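Structural overview for review
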Amino acid sequence: MINNASDLGAVPLALLADTNCEDLEKAVATNVLGPFRLTKALLGALSASVREGRAALVINISSDAAVTPYPKWGAYGASKAALRHLTEIWNQELSVEGVRFLSFDPGDMDTPMHALAVPDADRTTLKTAEAAARELITAIETALTGPHSSK
Amino acid sequence: MIAATAPVQRSPRAKVMVVDPSGQIRHLPRPALIELIQPGDLVVANDAATIPASLSGVHLPSDRPIEVRLAGVPSLDPHNREFSAVVFGEGDFHTRTEDRPRPPSLAAGDQLQMGPLSAKILHLLDHPRLILLEFDHSRDELWAGLAHHGRPIQYSHVPVPLALWDVWTPIAGPPVAFEPPSAGFALSWQLVTEMRVAGAQFKTITHAAGLSSTGDPELDKRLPFDEPYRVPRATADAINQAKSSGKRIIAVGTTVVRALEHAVHEGKIAAGENLATERIDVRTRLQVVDALLSGTHEPGTSHYELLRAFLTDAELEQLTTELNMREYHTHEFGDSVLVSRTFNKLAEDKPRCQIPMSELCEQPSLVDLNHQPPGPELEQVKI
């Protein structure tokens, strides 16, 4: 399961002090609660796969904003930080079940979301979504064959 | 018994009544369930997720309102569009099932419209309220329609409309159950992970749990309807290994008992999909399941009859008395029982042999006329 859908929260990006409460809630709802609800709903199916001898992996799309406190990226950054933290805890809690959780940071991609966040970015410096997807596939293959890890 | 009326699956006040093989009864808080799991135990649960199988709609030929409750399918194939269903007249779950008005006269060919879903009655199933219908939709449209318009089947003892998450067990996977396999409400992920630490195993099957009530006494007598189930290879192997080393098999819920006792042939569980057609009752000689974790059931229900495969009638009467005396709650959100097949029941089950002191007395397959091996349609599932 890949939890990819994300929300910036405030658009245009704003200082936390200028961020509407509702925009922070929106970022938390999509970036934290969404993956949380889906994981609960699908955990039975994921663990059944493991019991039947197949691998099960949950990938939560992350960001360097989850780690580095960039000004004006507060709503997005805080919600992604929460998701990253949940991912690590889920991974530990469910290691005995064999369901693995992974955070994946695709880097800065040339997407409509990036354009909303940084309208004047030099698009030539941005990764294509296809390139990020290929890196994600490599990360999945590594996770399926490598030692148990959440990164 | 007192009806549990709130959709709380794991109340900290939930109780479990334990009947051990000697017939001795004790009571525990159900959050302490892990204390009852011994090293080597194999706990088998039903991982079916509950379909929102109640569909309000209109019977187009008469233009009258109906409620359709999907009740069965011929197989677990997700492409299947044929369902058996029980049809009610107008109204909803707030009215007791037996007091619901009858549907209009139903006939083969009748069109039904339920929100975005349209279906045709293929034919009646020997009862004016039991139909075989076919949806006029692609698989994706059908499931989107069920997700948007369907509601969980529920009964008048729970006044609040149930959300789908109220009726999924924490381990729920494939959406094939028409009502929740509610014994699984006692499970938490904490309990499941603790089982391994306790040296026990946790495996699952998938069984299309059906309706518990139709509102019509004649139709109720036919419950449970035929229910498809699937035993994964890993589960079959674990059960066969556990049985051959004398370990205890604990079934979480009556659907697991039904599936496993149907899937066994000459002492071994077969992996794959099949259709459970027999009822578990007083005549059943259990071959697989040693103990059952289930809800509390009233006399007169098919679940109660199933307990007669585990306990003598005297023991069952004692259990019922204790449940009432201790004010146990019943129905899907109620308290639980963990019932072992007792020595007394085993003694009662021993075939009365016509040829005393003969080898024939020791071979149950010769004198046990009640167990039917699974039908020839058994398939191995590719994993």
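Residues numbered from 1 in each chain as written. Chains lettered and ligands numbered in written order. Predicted model: local features only at pLDDT ≥ 70, side-chain atom pairs only at ≥ 80, totals over all residues.

**Things to note about the sheet that holds strand β7 (residues 64-72) of chain B**
Residue and element names in this part refer to chain B. Strand order in the closed barrel formed by 6 strands is β6-β7-β8-β11-β10-β9, with antiparallel pairing between adjacent strands. Direction aside, neighbouring strands of the sheet carry axes that sit 45 degrees apart on average. Pairing of strand β8 (residues 82-88) with strand β11 (residues 130-135) involves 5 bridges; the strand directions are antiparallel. Across the sheet, V86 pairs through a bridge with L130, a residue of β11. (Pairing = 2+ DSSP bridges. Helix = DSSP H or I, 4+ residues; strand = E, 2+ residues; numbered from the N terminus. Axes fitted to C-alpha atoms, helices over the stretch in contact; angles between N-to-C directions.)

**Thoughts on the environment of G295(B)**
All names here are of chain B. Assignment of secondary structure puts G295 in strand β19 (residues 291-295). Residue G295 is classed as buried on the basis of its C-beta count, with 22 C-beta atoms lying within 10 Å. When sequence neighbours within four positions are dropped, the list of residues in contact with G295 reads S182, A183, T330, E332, G334 and S336. (Buried ≥ 20, exposed ≤ 12 C-beta atoms within 10 Å, placed from the backbone. Contact = placed C-beta atoms within 7 Å.)

**Observations concerning the nonpolar core**
Ranked by internal contacts, the top residues of the largest apolar core, which has 100 residues, are V43(B), V44(B), F178(B), A251(B), V252(B) and L260(B). Two domains each put at least three residues into this core: domain 1 (2-50 + 162-367) and domain 2 (54-149) of chain B. Excluding anything up to four places from it in sequence, V252(B) contacts V43(B), V44(B), A45(B), N46(B), A183(B), G184(B), L187(B) and L293(B). If you look at the next biggest cluster of nonpolar residues, it comprises 13 residues, including V58(A), W90(A), V99(A) and F104(A). (Core = buried A, V, L, I, M, F, W, Y, C linked by C-beta atoms within 7 Å. Domains from an automatic or database assignment.)

**Looking at the domain arrangement of chain B**
Residue and element names in this part refer to chain B. Splitting chain B by domain gives domain 1 (2-50 + 162-367) and domain 2 (54-149). Domain 1 and domain 2 are separated by 30 Å when their C-alpha centres are compared. Listed per partner, the contact involves 18 residues of domain 1 and 16 residues of domain 2. Where the side of domain 1 that touches domain 2 is concerned, the elements lending two or more residues are α3 (217-220) and β14 (227-231). In terms of residue count, the dominant contributor to the side of domain 1 that touches domain 2 is β14 (3 residues). Looking at the side of domain 1 that touches domain 2 residue by residue, the class counts come to 7 nonpolar, 5 polar and 6 charged. (Nonpolar A, V, L, I, M, F, W, Y, C, P; charged D, E, K, R; others polar.)

**Structural notes on the sheet that holds strand β3 (residues 99-104) of chain A**
All names here are of chain A. Strand order in this open sheet of 3 strands is β1-β2-β3, and the pairing throughout is parallel. Strands with a single pairing partner mark the edges of an open sheet, and in this sheet they are β1 (2-3) and β3. Here 6 bridges tie strand β2 (residues 56-61) to β3, and the two strands are oriented parallel to one another. Note that in β3 the partner of A56 across the bridge is V99.

**A short note on the pairing of strand β6 (residues 54-59) of chain B**
All names here are of chain B. Pairing of β6 with β7 involves 6 bridges; the strand directions are antiparallel. Each bridged residue has a counterpart across the sheet, and for G57 the counterpart in β7 is I66. Taking the residues between adjacent antiparallel strands as the criterion, β6 and β7 are bridged by 4 residues, where D63 takes a positive phi near 60 degrees. Pairing between β6 and strand β9 (residues 111-114): 2 bridges, direction antiparallel. Opposite H59, over in β9, you have L112 as the bridge partner.

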